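Survey of secondary and tertiary structure
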Amino acid sequence: MSTTVLSTPTSESSPGATTVVERRRPAPAPIPLTRIIGVELRKMFDTRSGFWLMASIVITSVLATAAIIVFAPDDQLTFDNFAAAIGAPMTVILPMIGILAVTSEWSQRSGLTTFTLLPRRGRVLGAKLLAAIAVGVVSMVVALVVGVLGTLIGSAIAGVDPVWNVSAAHFLLIVLGSVLGMLFGFMLGLVIRNSAGAIVTYFVYTLVLPPLLGLLASTQHWFANLQPWVDYNFAQRPLFDGSLSGQQWQHLGVSAVLWFVLPMAAGLFIVRRAEVK
Amino acid sequence: MLDMITVESVSKSYGRGQTAVDDVSFTAATGRVTGFLGPNGAGKSTTMRIIVGLTPPTSGTATVDGRRFTDLPNPGLEVGVLLDASAQHAGRSGHEILTVAQRTMGLPRTRVKEMLDLVSLTSHEADRRVRDYSLGMRQRLGIATALLGDPQVLILDEPANGLDPAGIRWMRDLLRGFADSGGTVLLSSHLLHEIEVIADDLVVIGNGRIVAQGTKASLLAAAGTVVRARDAAALAQAMERAGLAITAHPDGSVHTDAAPDQVGEVALAAHLVLTELRAADGAGLEEMFLELTADTQREGAAA
């Protein structure tokens, strides 16, 4: 341990003996948000796990499309079926990307460097959020392209006319639904700040909670009326069906405040003050 | 010489009256290496995390160049920080970690290679993932990240951990050169010798409190005298009779806070043959370190 002190300290520089050069420099410019977003996007791709998570978006889209072409009857080779098949894995992968974008700073402890270089944590998290949304939207465009190709190729192979039964408005709602799912993952990451914990919580929320709430609604009349207002999962479902009534938008808004906005605000509040270890 | 890092009455307590840092105040000046010395768990890392804004203090302020760290527009260009070399995404390569930092700070891409050369990481090593790095390589990478933005201030927590002797020598020369060219260095260690060879100023912390601080020279001067006589027992008796506070060691040496000439007079009066009489230097500082931290360090007074 201290094998290095053999040499006598030559470092004893008495005050004044050394020529101290004043290194005054103009204050640096603040770091623009666009640069932080760029860095955060890079960090989503630059590890092996991050890369394959992103690659899996394309891979599962192609696999799902191929499966429809191979297995679906000819009259089912419609665009909405392709969209649904591609959308299913997407609703799992995108929230994982949202979760890991936040939790890796804590689970991998890289936050120590990140928040030292960028001490205003709110800006870093804002940049992460925007980067995640960008990834979500681009992924949906990739899915759209794969779905279109699948519909064209599938119907060509089957010798039927391609059926374009998804409108642009419907597609936008699906994008919104997918991005909301991703942001829900982001929020869980922020609140839990542990990869495994956030992922498990996400699956409890998407797989375990809905049947329980459904059971409650079917047995308790009062809850059946209340459910659309307080069940975020339930309120998001119409997005994927392609049309929402005014009241359904209200359901979505109210339940989003409960399940997303409030916890997100609490998470932000905590993270900006918490110790980074 | 300017006070670059200023820590004023900083305290950090966690619930249930657990206090990690208790009313800590010190400064680190330009052109100087300030050594932050203390046993493990004394509060060094917590204090450093408070300086760079990773841990909010319960009370008190810490500033770098008169500003709170969190108010710096692009901190990497002003303050190089290495708190924990292992706190990196294990799946990124060394090169990638530097690139992320380089992009964050908005530096030219060539800076990454320059830093890798400076810390002697080969391009082959830089392309490996940090998971496969030794602690020494991680420390080098951490130093590279800290120096990337060409800062005027360095804050390093136990930077010598895991480095081999040649690496420690290299680090010492690097920090010396940095301070001599007007930079400010604050580095912590729990090893006295490590700090002793590099630091100009010392801040000693034990159990969350500052127990001593000053220039290394003044702390050494305060360390007293080491004396040996052919008849150790008689010497100890004579010194006690003369009213000097002494610590007798099993190896026959006697340590006292008194000045060497005082001790010499006592020995002369008692007709004792001295075999050694000197100001306590390195050994004295060690004595001081152990003494100052004896009642606070975990091992108790075992030393």
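Each remark here, short or long, concerns the structure printed above.
The structure presented is a predicted model; accordingly, all values stated were derived computationally and were not measured. (Residues numbered from 1 in each chain as written. Chains lettered and ligands numbered in written order. Predicted model: local features only at pLDDT ≥ 70, side-chain atom pairs only at ≥ 80, totals over all residues. Heavy atoms only, no water.)

1. Comments concerning the overall build of chain A
As a reminder, the rule being used: The way it works is that DSSP assigns letters per residue, a run of H or I at least four long becomes a helix, a run of E at least two long becomes a strand, and they are numbered from the N terminus. When we talk radius of gyration, it's over C-alpha atoms, and the globule rule is simply 2.2 Å times the number of residues to the 0.38. In what follows, residue pairs with any heavy atoms lying within 4.5 Å of each other are defined as contacts. Here the Shrake-Rupley method, with its probe set to 1.4 Å, supplies the accessible areas, and only the displayed protein chains count as covering residues. Neither His nor the chain ends contribute to the count of charged residues, in which Lys and Arg are positive and Asp and Glu negative. All charge positions are set by atom: Lys at NZ, Arg at CZ, Asp at CG, Glu at CD.
For chain A, the helix and strand inventory stands at 10 helices and 0 strands. Reading the helices (α) and strands (β) of chain A from amino to carboxyl end gives α-α-α-α-α-α-α-α-α-α. In summary, chain A has a C-alpha radius of gyration of 25 Å against a globular reference of 19 Å for 277 residues, an excess of more than 25%. Of all intrachain contacts in chain A linking residues separated by at least 6 positions in sequence, the fraction that spans at least 24 positions is 75%. Counting every atom, chain A has about 13600 Å² of accessible surface; 71% of that belongs to carbon and sulfur. For chain A, the centre of its 17 positive side-chain charges and the centre of its 12 negative side-chain charges are spaced 19 Å apart.

2. Digging into the interface of chain B and chain A
Just so we agree on the cut-off: Here the quantity called buried area is the total loss of accessible area, with a 1.4 Å probe, experienced by two parts when brought into contact, counted for both. Throughout this description, the term salt bridge denotes a Lys or Arg side-chain nitrogen within 4 Å of a carboxyl oxygen of Asp or Glu. The term polar contact refers here to a pair of N or O atoms within 3.5 Å; inside protein, the definition further demands a hydrogen-donor-capable atom paired with an acceptor-capable atom, and it admits residues adjacent in sequence only when both atoms are side-chain atoms.
Counting residues at the interface gives 62 residues for chain B, matched by 49 residues for chain A. A combined buried area of about 4800 Å² lies between chain B and chain A, and 53% of that area is made up of carbon and sulfur atoms. In this structure, Asp46 of chain A engages Arg92 of chain B in a salt bridge whose closest nitrogen and oxygen atoms are separated by 2.7 Å. Connecting chain B to chain A are 14 residue pairs in polar contact (both at pLDDT 80 or more). Only helix H2 (94-105), helix H6 (165-180), helix H7 (192-196) and helix H8 (216-221) of chain B provide two or more residues apiece to the side of chain B that touches chain A.

3. Here's the deal with unusual backbone geometry
The phi dihedral of Arg109 of chain A is positive, around 65°, even though this residue is not glycine. You can see Arg109 of chain A is positioned in the loop between helix H3 (79-107) and helix H4 (111-117).

4. Looking at the packing of aromatic side chains
Residues and elements named next belong to chain A. Heads up, the condition is: Put simply, two rings from Phe, Tyr or Trp (the six-membered ring, in Trp's case) pair if the centres are within 6.5 Å, and we call them stacked under 30 degrees between planes, edge-to-face over 60, tilted for the rest. Classification of residues uses two cut-offs on accessible area relative to the type maximum, computed with a 1.4 Å probe and protein chains only: under 20% is buried, over 50% is exposed, and between them is partly exposed. Counted as over-ring charges are cases with an Arg CZ or a Lys NZ within 6 Å of the ring centre that also lie within 35 degrees of the ring normal.
Inspection of the entire model under this criterion finds 9 aromatic pairs over all chains. A centroid spacing of 5.3 Å and a plane angle of 80° characterise the contact between Phe51 and Trp52, whose relative ring orientation is edge-to-face. Judged by relative accessible area, Phe51 falls into the partly exposed class, the value being 44%. Measuring from ring centre to ring centre gives 5.7 Å for Tyr202 and Phe203, while their planes differ by 75°; the resulting arrangement is edge-to-face. A relative accessible area of 28% means that Phe203 is categorised as partly exposed. Its guanidinium or amino end placed over the ring of Phe115, Arg121 lies 5.8 Å from that ring's centre, counting from NZ or CZ.

5. Quick look at the sheet that holds strand S10 (residues 225-229) of chain B
Pairing between the strands of a sheet is mediated by backbone hydrogen bonds and can be parallel or antiparallel. All names here are of chain B. Rule in force here: Note: two strands are recorded as paired if DSSP finds a minimum of 2 bridges between them. Axis definition: a line fitted to C-alpha atoms, limited for helices to the stretch in contact. Angles are taken between N-to-C directions and run from 0 to 180 degrees.
Taken in spatial order, the 4 strands line up as S11-S12-S10-S13 in an open sheet, and their pairing is antiparallel. Bordering the open sheet on either side are strand S11 (246-248) and strand S13 (274-279), each of which pairs with just one other strand. The sheet shows a mean angle of 20° between the axes of neighbouring strands, taken without regard to direction. By the bridge criterion, 3 bridges tie S11 to strand S12 (residues 254-256) in an arrangement that is antiparallel. Residue pairing for S12: Ala248 is matched across the bridge by Val254. Sitting on the sheet, helix H9 (residues 232-241) touches S10, S11, S12 and S13, and the angle it makes with S10 is about 130°.

6. Here's the deal with helix H6 (residues 168-192) of chain A
Residues and elements named next belong to chain A. Which entries qualify depends on this criterion: Given the number of residues in a helix, its expected span is that number minus one, multiplied by 1.5 Å.
Taking 1.5 Å as the rise per residue, H6 with 25 residues should run 36 Å; its terminal C-alpha atoms sit 36 Å apart, in good agreement. Burial analysis of H6 places 19 of its 25 residues in the buried class, the great majority of the element. Immediately beyond the C-terminal end of H6, within one or two residues, lies Arg193, with a positive phi of roughly 55°.

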